Amino acid sequence: MGLLAYLKSQFVLQLLIGFVFVVSGLIINFIQLLTCVLWPFNKQLYRTINCRLAYSLWSQLVMLLEWWSGTECTLYSDRATVDMFGKEHVIIILNHNFEIDFLCGWTMCERYGVLGSSKVLAKHELLKVPLIGWTWYFLEIVFCKRKWEEDRDTVFKGLGRLKDYPEFMWFLLYCEGTRFTEKKHEISMQVAESKGLPKLKYHLLPRTKGFTTTLACLKGTVSAVYDVTLNFKDKKVPTLLGIVNGTKYMADMSIRRFPVEEIPEDEKECATWLHKLYQEKDALQEHYEKEGSFPGPTIRPPRRLWSLLNFLFWAGLLLSPLIHFAWGVVISGSPLLIIGFMLFLIVASVAVRRLIGVTEVKKTGSSYGDPGPKKQN
């Protein structure tokens, strides 16, 4: 293990990075709260400011991926498609197999200037999560309870508000509804068989309602759908904890662009189109399993310095007083102060670990395939 790799694995450094992220996030959330006074007078200025604030928080996670772990992302796409990145409103369809799939999506958003304005249909439970859910609230993210009767009005109103969004946005959809596991896949394929749909090997059956509704609500705003299929070299299974420990991964992303004019407007035909798309995604994953790569030309967009500079700004602002305070506690010799500071470190480490736990596959807490929620609909 090299010296740099050893330092990245040290808990103290990881805790300091977590401290910077958490404290800067709380400061950003407070500033976002203050910007609410702008909404009645200048909605677009409110949105522009909040896009910048969100970027300042999310880019710290991108920094971990790009600069701390050194993970590299290769695109399998044609130049004409890549040249459109960051120049139009789009819907992104991404497979949901890995803990860091959202980070790989965010790093592409960062490299093409749309990280702060990226959107998603999020689980309602995330609204209660500090930093993540709170930041999304101020970004007008649409939160769903996954019960269409309860979500209908919320989704239509939330998506309708985004039609005049001033910044180019990438609207991410996990059409599978939950992260892939073998148990969920088995249940999903039983559903596919019962409905007479083709079985998938590497994906869950897509839930079409979210896609068809999003496409219909953003008609006239969104100009294309990007289909993104993600995998990793050498059959690695990356984790956010691995990223924090400085583990480098090699991500491959196959990206295809579909103009909205080519997608049927009728809801049933649109749903059929989505099922066909997932059959094609499955074929792409099959090709990757056999060949170790996706078909087509490759492009490796360069990482930008902005995410690193943003983190260094927050680190310089927040770590200097923390280190000064810690030194003062040590030289004070006060048992009460020392115990209090140690308790603070313990609480901070637990908070950071719980934030990481939100992304872990085994802790997603999905009720996929559980008949209980269905009975409540």
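Structure shown above.
Because the structure is predicted, anything quoted here is derived from the model rather than measured.

As a further point, take the overall build of the protein. When you go through the protein residue by residue, the secondary structure sums to 14 helices and eight strands. Taken against the 2.2 N^0.38 rule, which gives 21 Å for 377 residues, the C-alpha radius of gyration of the protein at 22 Å falls within 12% of a compact globule. Counting only C-alpha atoms and orienting by the principal axes, one finds that the protein spans roughly 70 × 55 × 45 Å. Counting across all 377 residues of the protein, residues that qualify as buried make up 51%.

We now examine the nonpolar core. Core analysis: the biggest nonpolar cluster contains 99 residues, and Trp-58, Ile-100, Trp-106, Trp-136, Trp-170 and Phe-211 have the highest contact counts within it. In terms of residue count, the dominant contributor to this core is helix 3 (residues 43-68) (12 residues). Those residues within four positions of Trp-106 in sequence are excluded, and the remaining contacts are Trp-58, Leu-61, Val-62, Leu-115, Ser-118 and Trp-136.

A few words on the pairing of strand 5 (residues 170-173). Neither face of strand 5 is exposed, since Trp-170 and Leu-172 on one face and Phe-171 and Leu-173 on the opposite face are all buried. Where strand 2 (residues 90-94) meets strand 5, four bridges bridge the pair, whose relative direction is parallel. From the neighbouring strand, Ile-93 faces strand 5, where its bridge partner is Leu-173. One ladder, built from two bridges, connects strand 3 (residues 119-123) with strand 5; its direction is parallel. Within strand 5, the residue paired with Val-120 across the bridge is Leu-172.

So, on to the sheet that holds strand 8 (residues 298-299). The sheet built from eight strands is open, its strands ordered 4-3-5-2-6-7-1-8 with mixed pairing. Unpaired on one side and paired on the other, strand 4 (142-144) and strand 8 mark the two borders of the sheet. Sitting on the sheet, helix 7 (residues 148-161) touches strand 4 and strand 5, and the angle it makes with strand 4 is about 165°.

Quick look at the state of the cysteines now. Applying the stated criterion across every chain, the model contains zero disulfides. Just so you know, Cys-104 is unpaired, no disulfide at all, and the nearest cysteine sulfur is the one on Cys-73, 4.5 Å from it.

Looking now at the pattern of salt bridges. All told, the structure shown has 21 salt bridges when counted by the stated rule. Among the ionic pairs, Glu-72 bridges to Lys-248, the shortest N-O distance being 3.2 Å. Of the two residues, Glu-72 sits in strand 1 (residues 72-76) while Lys-248 sits in the loop between helix 10 (240-244) and strand 7 (250-259), which places them 176 residues apart along the sequence. Relative accessible area serves as the criterion here: at 24%, Glu-72 is assigned to the partly exposed category. Given a relative accessible area of 43%, Lys-248 falls into the partly exposed group. Measuring nitrogen to oxygen at the nearest pair gives 3.7 Å for the salt bridge that ties Glu-289 to Lys-235. Taken together, the positions of Glu-289 in helix 11 (residues 267-291) and Lys-235 in the loop between strand 6 (224-232) and helix 10 put the pair 54 residues apart, joining distant regions of the chain. Among the residues examined, Glu-289 registers a relative accessible area of 34% and is labelled partly exposed. Given a relative accessible area of 62%, Lys-235 falls into the exposed group.

Now for the environment of Lys-281. Along the chain, Lys-281 turns up in helix 11. Residues Lys-281 and Asp-227, 54 residues apart in the sequence, show an inter-C-alpha distance of 8.4 Å. Setting aside residues no more than four positions away along its own chain, Lys-281 makes contact with Ile-93, Asn-95, His-203, Asp-227, Val-228, Thr-229 and Arg-256.

At a minimum axis distance of 9 Å, the contact between helix 3 and helix 5 (residues 101-111) shows a crossing angle of 110°. As summarised for this structure, helix 3 and helix 5 are arranged roughly perpendicular, according to the angle between their axes. Like other packed secondary-structure pairs, helix 3 and helix 5 cross with a definite hand, here left-handed. Taking contact as the criterion, the partners of Tyr-55, Trp-58, Leu-61, Val-62, Leu-65 and Glu-66 in helix 3 are, on helix 5, Leu-103, Cys-104, Trp-106, Thr-107, Glu-110 and Arg-111. When the residues that make up the contact of helix 3 with helix 5 are grouped by side-chain class, the tally is eight nonpolar, one polar and three charged.

About the cut-offs
Residues numbered from 1 in each chain as written. Predicted model: local features only at pLDDT ≥ 70, side-chain atom pairs only at ≥ 80, totals over all residues. Heavy atoms only, no water. Helix = DSSP H or I, 4+ residues; strand = E, 2+ residues; numbered from the N terminus. Rg over C-alpha atoms; globule rule 2.2 N^0.38 Å. Buried < 20%, exposed > 50% of the residue type's maximum accessible area, 1.4 Å probe, protein only. Core = buried A, V, L, I, M, F, W, Y, C linked by side-chain atoms within 4.5 Å. Contact = heavy atoms within 4.5 Å. Pairing = 2+ DSSP bridges. Axes fitted to C-alpha atoms, helices over the stretch in contact; angles between N-to-C directions. Disulfide = S-S within 2.5 Å. Salt bridge = Lys/Arg side-chain N within 4 Å of Asp/Glu carboxyl O. Parallel < 35°, antiparallel > 145°, perpendicular 65-115°, else oblique. Left-handed = near helix turned anticlockwise from the far one by under 90°. Nonpolar A, V, L, I, M, F, W, Y, C, P; charged D, E, K, R; others polar.

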